[in-house]
Amino acid sequence: MNMSLLLPLTLVIGLLLFLFQRTDPKKRLIVILILLVPAELIRRFIVFRDINTEGLIAFLLAVFLNFLFWLLIGRYNPVRSSDDNIQVIGMDD
């Protein structure tokens, strides 16, 4: 098993999962369609280099780390809709 590729794969896959996790709920379909391109490139890299075991372990680690982030931080700070964040300062209404 090639451990030198495990950390970079975990970071890249984890970043993609994190971007999807912290996306506005109304925009998730668009984001997942955009993230399919780098996900396919990562899959092709894993198949080309024949590092299927490292890829699977990196994916499982990334899912576990994103779950921990959601458990410790994400539940208490949920992603708000972009409509809720609009606040006009200086209006007396």
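Okay, so let's go over this structure. Note that the coordinates shown come from a computational prediction; the quantities given were computed from them, not determined experimentally.

## Things to note about the packing of helix α1 (residues 6-21) against helix α2 (residues 28-49)
Okay, so step 1: At a closest axis distance of 10 Å, the pairing of α1 and α2 adopts a crossing angle of 170 degrees. In terms of their interaxial angle, α1 and α2 are classed as roughly antiparallel. For the pair α1 and α2, contact is made by Leu9, Val12, Ile13, Leu16, Leu19, Phe20 and Gln21 and by Arg28, Val31, Ile32, Leu35, Pro38, Ala39, Ile42, Phe45 and Ile46, respectively.
Okay, so step 2: Here the residues of the contact of α1 with α2 sort into 14 nonpolar, one polar and one charged.

## A word on unusual backbone geometry
Okay, so step 1: At Asp50, a residue that is not glycine, the phi angle is positive and equals roughly 55 degrees.
Okay, so step 2: With respect to the helices, strands and loops of the structure, Asp50 is situated in the loop between α2 and α3 (52-74).

## Quick word on the side chain of Thr10
Okay, so step 1: As for its position among the elements, Thr10 is in helix α1.
Okay, so step 2: Not counting chain neighbours up to four residues away, the residues in contact with Thr10 comprise Ala58, Leu61, Ala62 and Leu65.

## So, a nonpolar patch on the surface
Okay, so step 1: On the surface, Phe20, Leu29, Ile32, Leu33 and Leu36 cluster together into a nonpolar patch covering about 470 Å² of accessible area.
Okay, so step 2: Counting residues per element, the nonpolar patch draws most heavily on α2, which supplies four residues.
Okay, so step 3: Tracing the sequence through the fold places Leu36 in helix α2.
Okay, so step 4: Using a relative accessible area of 49% as the deciding quantity, one classes Leu36 as partly exposed.

## What to know about the nonpolar core
Okay, so step 1: Judged by nonpolar contacts, Leu5, Leu6, Leu9, Ile13, Leu16, Val31, Leu35, Ile42, Ile46, Ile51, Ala58 and Ala62 together constitute the single largest core of 12 residues.
Okay, so step 2: Of all the elements in the fold, those that place two or more residues in this core are α1, α2 and α3.
Okay, so step 3: Ignoring sequence-local partners within four residues, the contact set of Leu6 consists of Glu54, Ile57, Ala58 and Leu61.

## Examining the packing of aromatic side chains
Okay, so step 1: This structure, assessed with the given rule, holds two aromatic pairs.
Okay, so step 2: Between Phe18 and Phe69 the ring centres are 5.1 Å apart and the planes differ by 80 degrees, which places this aromatic pair in the edge-to-face class. Placement of the pair is Phe18 in helix α1 and Phe69 in helix α3, with a sequence separation of 51 residues.
Okay, so step 3: Judged by relative accessible area, Phe18 falls into the partly exposed class, the value being 30%.
Okay, so step 4: A relative accessible area of 25% means that Phe69 is categorised as partly exposed.

## What about the layout of surface pockets?
Okay, so step 1: Approximately 290 Å³ is the volume attributed to the largest pocket.
Okay, so step 2: Lining of the largest pocket is provided by 15 residues; of these, Ile13, Leu16, Leu17, Ala39 and Phe59 occupy positions nearest its centre.
Okay, so step 3: Every element with two or more residues in the lining of the largest pocket is listed here: α1, α2 and α3.
Okay, so step 4: Per-element tally for the lining of the largest pocket: the top contributor is α2, with seven residues.

Conventions we followed
Residues numbered from 1 in each chain as written. Predicted model: local features only at pLDDT ≥ 70, side-chain atom pairs only at ≥ 80, totals over all residues. Heavy atoms only, no water. Axes fitted to C-alpha atoms, helices over the stretch in contact; angles between N-to-C directions. Helix = DSSP H or I, 4+ residues; strand = E, 2+ residues; numbered from the N terminus. Parallel < 35°, antiparallel > 145°, perpendicular 65-115°, else oblique. Contact = heavy atoms within 4.5 Å. Nonpolar A, V, L, I, M, F, W, Y, C, P; charged D, E, K, R; others polar. Patch = residues over 30% accessible without salt bridge, like charges linked within 9 Å, V, L, I, M, F, W, Y side chains within 5 Å. Areas by Shrake-Rupley, 256 points an atom, 1.4 Å probe, with all protein chains shown as cover. Salt bridge = Lys/Arg side-chain N within 4 Å of Asp/Glu carboxyl O. Buried < 20%, exposed > 50% of the residue type's maximum accessible area, 1.4 Å probe, protein only. Core = buried A, V, L, I, M, F, W, Y, C linked by side-chain atoms within 4.5 Å. Phe/Tyr/Trp six-rings, centres within 6.5 Å; stacked < 30°, edge-to-face > 60°. 1 Å grid on protein atoms, 1.4 Å probe; cavity = no way out; pocket = protein on both sides within 12 Å on 5 of 7 lines; lining within 4 Å. Points joined across faces, edges and corners; volume = space filled by probe spheres on them.

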